[in-house]
Amino acid sequence: VCIAEALPSCSVTVLADRFTPDTTSDVAAGIVMGGAPIPDIPLQQQHRWFKDTFDHLLEIARSQQASEAGVLLSSGWQIFREVPSERRPFWADDVLGFRFMTDAELKGFPQYKFGQAFTTVKCECPIYLPWLEKRFKRARGLLKKGRVSDLQELCHNYDIVVNCSGLGARVLAGDSGVHPVRGQILRVHAPWLKHFIRDSDGHTYIYPGRDSVTVGGTRQVGDWRLAADKGESEAILERCCRLEPSLREAVRLGELVGLRPGRASPCLKKMLLETPAGRRVPVVHNYGHAGWGVSFSWGMALEALKLVRESLIELPPPSRL
Ligand SMILES: Cc1cc2nc3c(=O)[nH]c(=O)nc-3n(C[C@H](O)[C@H](O)[C@H](O)COP(=O)(O)OP(=O)(O)OC[C@H]3O[C@@H](n4cnc5c(N)ncnc54)[C@H](O)[C@@H]3O)c2cc1C
Ligand SMILES: O=C([O-])CC(=O)C(=O)O
């Protein structure tokens, strides 16, 4: 979307073997939040990715399109069993109204010593992704279903390749550092819940959304199982009910599993592919966002766009678009 809208003179095709509602992104809770700083990436850069994403999504959340786009404001608490060394994360000034929880607020969570309260944005991915598809088509983008077994295949038909294949980059980019981090969640009907609660360990969270509440989760490194595990769903609900007892009254709507594209840090860079016939095609990689792909989505897309623009300038004259 970012490239198709910014470069209207280019023809942009999204080629994928799975589209919404069958991607990892459809499973995401869609909350915009940061974790601990990512190693090997300057904090300033991570901060820009986060802020650019937040500002972009906040604008949608405040627009007339918020409901249709499934992008809404969400307020709540992140709670900690021990006081963290960084009580004020790098994204604290980007979200709205960041503050430490008061003793009165923490009283509801006797096992926890510290908490952060803030308002952020939540993307209801099963609504947001179809909306993005529509936006992409309006920008004259093309959608094509198909599996790519080697990026070289694309070099005959395209001048630039942007690789956003998530976990698929393990094969497509030959990057053995990409690995699954399995996440299971439940979607439940509990319309009385309005406030999110997240245990900072990332294994227990409750995110109220437009039509359902997402409760999670698991983070199983190296686990490729896509089927939901009944025992894990019970354990997730049990942990969430300890934080929010009224969840015992919730009606279960479904359970879902997604494989996060884990990597020590996301890969965002450009390189050149050379075909056996000697054609050199720029490739912009943008994958490996682990558990924060929604939170960095637009900011990293803007940086990928910058790399695409540079590649366009560097293309040899006959191929220039
Ligand atoms: C349970 C859970 C909760 C989450 N909650 C949040 C959250 O609250 N906030 C947040 O920021 N992040 C969250 N995430 C993380 C987020 O979902 C991911 O970081 C994000 O979805 C990754 O997006 P992606 O586009 O890279 O990958 P995907 O959504 O997996 O998309 C990859 C695309 O590439 C295509 N593809 C791959 N290989 C090939 C190939 N060889 N040929 C053709 N097509 C190919 C696939 O078909 C797919 O369309 C969560 C993840 C999980 C599992
Ligand atoms: O950790 C969270 O709060 C949600 C998330 O990003 C994930 O499960 O990957």
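What you are looking at is a predicted structure, and each value in this text was computed from that prediction instead of being measured.

Asker: Can you help me understand the site of ligand 2 in this one?
Answerer: The full set of residues close to ligand 2 is Arg198, Tyr205, Tyr207, Arg219, Arg260, Gly291 and Trp292. With respect to ligand 2, the side chain of Arg198 contributes an N or O atom lying 2.6 Å from an oxygen atom. Between an oxygen atom of ligand 2 and a side-chain N or O atom of Arg260, the distance comes to 2.7 Å. Calculation on ligand 2 without its partners gives an accessible area of 260 Å², and the protein chains cover 92% of this total. Residue classes in the shell around ligand 2 are distributed as three nonpolar, one polar and three charged.

Asker: What is the right way to read the sheet that holds strand β6 (residues 161-163) from this model?
Answerer: Backbone hydrogen bonds hold the strands of a sheet together, and the pairing may be parallel or antiparallel. Across the sheet, which stays open at both edges, the three strands sit in the order β6-β14-β13 with mixed pairing between neighbours. The open sheet has two edge strands with one neighbour each: β6 and β13 (267-274). Strand after strand, the sheet turns through a mean of 20° between neighbouring axes, direction not considered. Note that β13 and strand β14 (residues 280-287) share eight bridges and pair antiparallel. Following the sheet pairing, Leu273 is matched in β14 by Val281. Along the sheet, helix α9 (residues 297-314) contacts β6, β13 and β14; its crossing angle with β13, the most-contacted strand, is approximately 25°.

Asker: Help me out: how do you make sense of helix α3 (residues 43-61) in this one?
Answerer: For an α-helix, the turn length of 3.6 residues means that residues three or four places apart are oriented alike. The first and last C-alpha atoms of α3 sit 26 Å apart over 19 residues, in line with the 27 Å expected at 1.5 Å per residue. Every buried residue of α3 is listed here: Gln46, Trp49, Phe50, Thr53, Phe54, His56, Leu57, Leu58, Ile60 and Ala61.

Asker: I keep staring at the UniProt feature "binding site: FAD" (unreviewed entry) in the protein and nothing clicks. Help me out?
Answerer: In the numbering used here, UniProt assigns the feature "binding site: FAD" (unreviewed entry) to Asp17, Arg18, Thr24, Ser25 and Val148. Its location among the elements puts Thr24 in helix α2 (residues 24-27). Thr24 gets classed as partly exposed once you look at its relative accessible area, which sits at 32%. Thr24 has contacts with Arg18, Gly258, Leu259 and Arg260, leaving out every residue within four places of it along the chain. Beyond its immediate stretch of four places on either side in the chain, Ser25 contacts Cys125 and Leu129.

Asker: I keep staring at the nonpolar core and nothing clicks. Help me out?
Answerer: For soluble globular proteins, nonpolar side chains are generally found buried alongside one another. Formed by 55 residues in total, the largest nonpolar core has its most connected members in Met33, Phe50, Leu57, Val71 and Trp91. Counting residues per element, this core draws most heavily on α9, which supplies eight residues. Beyond its immediate stretch of four places on either side in the chain, Trp91 contacts Met33, Gly34, Gly35, Phe50, Gln78, Phe98, Gln116 and Phe118. Counting residues in each nonpolar core, the second largest holds 22 residues, with Met101, Phe109, Ala190 and Val213 among its members.

Asker: Looking at this structure, how should I read the environment of Arg147?
Answerer: Tracing the backbone through its elements, the reader meets Arg147 in the loop between β5 (142-145) and β6. Linking Arg147 and Ala16, residues 131 residues apart in sequence, is a C-alpha distance of 6.2 Å. Not counting residues up to four positions away in its chain, the partners in contact with Arg147 are Asp17 and Glu153. Within the structure, Arg147 has its side chain in polar contact with the side chain of Asp17 (distance 2.3 Å).

Asker: Which parts of the structure should I look at to understand the site of ligand 1?
Answerer: Around ligand 1, the surrounding shell holds 32 residues, and the nearest of these are Asp17, Arg18, Ser25, Ala290 and Ser295. At 2.6 Å, a backbone N or O of Arg18 approaches an oxygen atom of ligand 1. One of the backbone N or O atoms of Val148 is found 2.9 Å from a nitrogen atom in ligand 1. Within the complex, the protein chains bury 91% of what would otherwise be the 1,000 Å² of accessible surface of ligand 1. At the level of secondary structure, the elements contributing two or more residues to the shell around ligand 1 comprise α2, β7 (179-189) and β12 (251-262). Residues that form the shell around ligand 1 fall into these classes: 14 nonpolar, 14 polar and four charged.

Cut-offs used in this document
- Residues numbered from 1 in each chain as written.
- Chains lettered and ligands numbered in written order.
- Predicted model: local features only at pLDDT ≥ 70, side-chain atom pairs only at ≥ 80, totals over all residues.
- Heavy atoms only, no water.
- Near = heavy atom within 4 Å.
- Polar contact = N/O pair within 3.5 Å; in protein donor to acceptor, adjacent residues only side chain to side chain.
- Areas by Shrake-Rupley, 256 points an atom, 1.4 Å probe, with all protein chains shown as cover.
- Nonpolar A, V, L, I, M, F, W, Y, C, P; charged D, E, K, R; others polar.
- Pairing = 2+ DSSP bridges.
- Helix = DSSP H or I, 4+ residues; strand = E, 2+ residues; numbered from the N terminus.
- Axes fitted to C-alpha atoms, helices over the stretch in contact; angles between N-to-C directions.
- Contact = heavy atoms within 4.5 Å.
- Expected span 1.5 Å × (residues − 1).
- Buried < 20%, exposed > 50% of the residue type's maximum accessible area, 1.4 Å probe, protein only.
- UniProt positions renumbered as here; feature names shortened; annotations may be inferred.
- Core = buried A, V, L, I, M, F, W, Y, C linked by side-chain atoms within 4.5 Å.

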